[in-house]
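# Descriptive structure summary
These are the residues of each chain, in order.
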Amino acid sequence: MENVTLNVSGMSCGHCVNSIEGSVGKLDGVNEVKVHLESGKVDVVFDQEKLNLSKIKETIDDQGYDVE
């Protein structure tokens, strides 16, 4: 398992948290996702053999947020 912390901008409320945690959490290979709204960070634990980091970033971007 790989553990990454992404910087995500554009999150401002509980809906943002639910949107990101819900969409990333549904990806095959994601073990855990936790949004830290106040710091603008998203922690993701995933199986790098099933999923790559670019797909996670793309999924967050598709929800309307900017990922660094």
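These remarks concern the structure in this document.

Each value, and the rule that gives it
- Residues numbered from 1 in each chain as written.
- Predicted model: local features only at pLDDT ≥ 70, side-chain atom pairs only at ≥ 80, totals over all residues.
- Heavy atoms only, no water.
- Buried < 20%, exposed > 50% of the residue type's maximum accessible area, 1.4 Å probe, protein only.
- Helix = DSSP H or I, 4+ residues; strand = E, 2+ residues; numbered from the N terminus.
- Arc of directions from axis to C-beta.
- Contact = heavy atoms within 4.5 Å.
- Axes fitted to C-alpha atoms, helices over the stretch in contact; angles between N-to-C directions.
- Parallel < 35°, antiparallel > 145°, perpendicular 65-115°, else oblique.
- Left-handed = near helix turned anticlockwise from the far one by under 90°.
- Nonpolar A, V, L, I, M, F, W, Y, C, P; charged D, E, K, R; others polar.

### Description of helix 2 (residues 53–62)
Residues of helix 2 that are buried: Ile56, Thr59 and Ile60. An end-on view of helix 2 places all buried positions within 95° of arc, on one side of the element. On its buried side, helix 2 packs onto strand 1 (2–9), helix 1 (14–25), strand 3 (41–46) and strand 4 (66–67). Within two residues after helix 2, glycine 64 carries a phi angle of roughly 100°, on the positive side.

### Side note on the packing of helix 1 against helix 2
Look at helix 1 against helix 2: their axes get within 9 Å of each other, and the N-to-C directions meet at 140°. If you check the angle between helix 1 and helix 2, you find them oblique. The hand of the helix 1/helix 2 crossing is right-handed. Mapping the contact onto sequence places Ile20, Ser23 and Val24 in helix 1 and Ile56, Thr59 and Ile60 in helix 2. A class-by-class count of the residues in the contact of helix 1 with helix 2 yields four nonpolar, two polar and no charged.

As far as function goes, none of this settles anything; it's purely spatial.
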